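Listed below are the residues making up each chain.
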Amino acid sequence: MNWWRDFADHVEPDAPLGRLTWFRLGGKARYLYRPREVGELSRFMERARAENLPVKVLGAGANVLIRDDGFDGVVVRLDQEAFRRIKREDSRVAAGAGVDLMNLSRRCSEQGLAGLEGLAGIPASVGGAIRMNAGGRSGEIGDVVSSVTVLSPEGEVEEWLRDRVGFAYRHTDIGEEVVLGAKLQLRADNPSLVRRRYDELFACKQKSQPLADKSAGCIFKNPPGQSAGALIDRAGLKGKNCGAARVSERHANFIVAYKGATASDVLRLIDLVRDRVRLAFATELEVEIDIW
Ligand code: EPU
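Reading the values: rules and limits
- Residues numbered from 1 in each chain as written.
- Predicted model: local features only at pLDDT ≥ 70, side-chain atom pairs only at ≥ 80, totals over all residues.
- Heavy atoms only, no water.
- Core = buried A, V, L, I, M, F, W, Y, C linked by side-chain atoms within 4.5 Å.
- Buried < 20%, exposed > 50% of the residue type's maximum accessible area, 1.4 Å probe, protein only.
- Helix = DSSP H or I, 4+ residues; strand = E, 2+ residues; numbered from the N terminus.
- Domains from an automatic or database assignment.
- Contact = heavy atoms within 4.5 Å.
- Buried area = accessible area lost by both parts, 1.4 Å probe.
- Polar contact = N/O pair within 3.5 Å; in protein donor to acceptor, adjacent residues only side chain to side chain.
- Nonpolar A, V, L, I, M, F, W, Y, C, P; charged D, E, K, R; others polar.
- Phe/Tyr/Trp six-rings, centres within 6.5 Å; stacked < 30°, edge-to-face > 60°.
- Pairing = 2+ DSSP bridges.
- Near = heavy atom within 4 Å.
- Areas by Shrake-Rupley, 256 points an atom, 1.4 Å probe, with all protein chains shown as cover.
- Axes fitted to C-alpha atoms, helices over the stretch in contact; angles between N-to-C directions.

Leu 101, Leu 104, Leu 116, Ile 130, Val 148, Leu 184 and Leu 186 are the most contacted members of the largest nonpolar core, which totals 28 residues. Of all the secondary structure elements, the ones that give two or more residues to this core are strand S7 (92–96), helix H2 (101–110), helix H3 (126–132), strand S11 (145–151) and strand S13 (178–185). If you look at the next biggest cluster of nonpolar residues, it comprises 27 residues, including Phe 23, Ala 228, Leu 231 and Ile 232.

If you want it as structure tokens, here you go:
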């Protein structure tokens, strides 16, 4: 009998992953696992390790590209109730890894809790946002995190204070640990002012980014002191395509997948953009998205 049958109600073998990503691209996972609670997740991880199965956690799927041949391992999704709780105490908010960040930032803004409005319009789960320190010009999630709860590879639940997390530009020191949730320190402010800042930032994003298209947000990190979008634009690459993947006309650091696109179209286009920018400006672009 297969070991995973002990968790059978929550495991889907041969699970298509594209539907769980914003790109809507990519193959299948050997197993998709949606744990009910932390203890069960911990036992599952132990078994997966004993079977030598690689494990990855998928959040909102907003910053990943899954290859066409899929992922030969376990994909964990923390979308059950136990991982989606939000608790507020004064201006402190504890949120589970499976909480929708857009929802959280809008709700906090409505309640006059300032600090997350800079993340307006960033599609992510709290776990994914923490893992990569999601953000933009108006702030990063790391700015308001006081601690992060993780499940260690050894199966222990640990609380990491912010310094240990090592927040940097689209980076943290979280490795094989699974983010379970985070405590955020926000600021009480006038609800209508916070809400106005939120609305302004959201409108600005909608104007400058192709939010309704199938993409993974910005593809490349901004090189120090430069803007990847501006470099790609100046290299004349807006509208450039490989198959049905195309550099966005609205924001050159976005690649949009049109009908019929494959993950390998996107990967070829990423290589092409990198080569052209290197040639034109002697600048090496580093991919910001996670490629599985
Ligand atoms: N620009 C162009 N052409 C373009 C796009 C941008 O010339 O096609 C120019 C803009 O005019 C501006 C500069 O490049 O002068 C910077 O552009 P923008 O203000 O759009 O910001 P960005 O640096 O490209 C960053 C984050 C975004 C985040 C925005 C807004 C990175 C890689 N990107 O973009 O994050 O939404 O700031 O806060 O850090 C993401 O991480 O997925 C993402 C979209």
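Taken as a whole, the chain is organised into domain 1 (5–81), domain 2 (84–208) and domain 3 (228–291). The C-alpha centroid of domain 3 is placed 28 Å from the C-alpha centroid of domain 1. Contacts between the two partners involve eight residues from domain 1 and, on the opposite side, twelve residues from domain 3. Between domain 1 and domain 3 the total buried area reaches about 970 Å² when both faces are included, carbon and sulfur atoms providing 63% of it. Taken together, domain 1 and domain 3 are joined by four residue pairs in polar contact (both at pLDDT 80 or more). Partitioned by chemical class, the residues of the side of domain 1 that touches domain 3 number five nonpolar, one polar and two charged.

Our focus in this paragraph is the packing of aromatic side chains. The tally for this structure, following the rule as stated, stands at five aromatic pairs. Arranged with centres 6.1 Å apart and planes meeting at 70°, the rings of Phe 7 and Tyr 33 form a pair that is edge-to-face. Taken together, the residues span a long stretch of sequence, with Phe 7 in the segment before strand S1 (11–16) and Tyr 33 in strand S2 (residues 28–33) at a distance of 26 residues. For Phe 7, a relative accessible area of 9% puts it in the buried group. Looking at Tyr 33, the relative accessible area reads 0%, which means it is buried. Taken together, a centroid distance of 6.2 Å and an interplanar angle of 10° make the contact between Tyr 198 and Phe 202 stacked.

With that settled, the discussion passes to the environment of Gly 61. Within the secondary structure, Gly 61 sits in the loop between strand S3 (55–57) and strand S4 (64–65). Taking the C-alpha atoms as reference, Gly 61 lies 25 Å from Glu 159; in sequence the two are 98 residues apart. For Gly 61, the contacting residues outside a window of four places in its chain are Leu 20, Thr 21 and Trp 22.

Once that is clear, we can look at the pairing of strand S6 (residues 86–89). Pairing geometry for S6 and S7, over four bridges, is antiparallel. When the bridges of S7 are listed, Glu 89 appears paired with Arg 92. Counted along the chain from S6 to the antiparallel partner S7, the turn is two residues long, and its residue Asp 90 has a positive phi close to 50°.

Pairing analysis gives five bridges linking S7 to S13, with the strands arranged antiparallel. Its bridge partner lying in S13, Val 93 is registered against Leu 184.

If a residue is not glycine, its phi is most likely negative; likewise, a peptide bond is most likely trans. Phi is positive for Asn 52, which is not a glycine, with a value near 60°. Given a relative accessible area of 69%, Asn 52 falls into the exposed group. Backbone geometry places Arg 170, a non-glycine residue, at a positive phi of 50°. Along the polypeptide, Arg 170 turns up in the loop between helix H4 (162–165) and S13.

Taken together, 21 residues surround the ligand, and among them Arg 137, Tyr 169, Lys 205, Cys 218 and Asn 222 come closest. At 3.3 Å, a side-chain N or O of Lys 238 approaches an oxygen atom of the ligand. Between His 251 and the ligand, the recorded distance is 2.9 Å, taken from a side-chain N or O atom to an oxygen atom. Here the ligand loses 73% of its free accessible area of 820 Å² to cover by the protein chains. Of all the secondary-structure elements, those providing two or more residues to the shell around the ligand are strand S9 (135–136) and helix H6 (228–234). The dominant element in the shell around the ligand, judged by the number of residues it contributes, is H6, at three residues.

Through backbone hydrogen bonds, the strands of a sheet pair up, either in parallel or in antiparallel fashion. Taken in spatial order, the four strands make up an open sheet running S1-S2-S5-S3, and their pairing is mixed. Across the chains shown, the open sheet's two edge strands, defined by having one partner strand only, are S1 and S3. Each strand axis lies, on average, 35° off the axis of its neighbour in the sheet, ignoring direction. On the sheet, helix H1 (residues 38–50) packs against S1, S2, S3 and strand S5 (71–76) and is oriented at approximately 140° with respect to S2.

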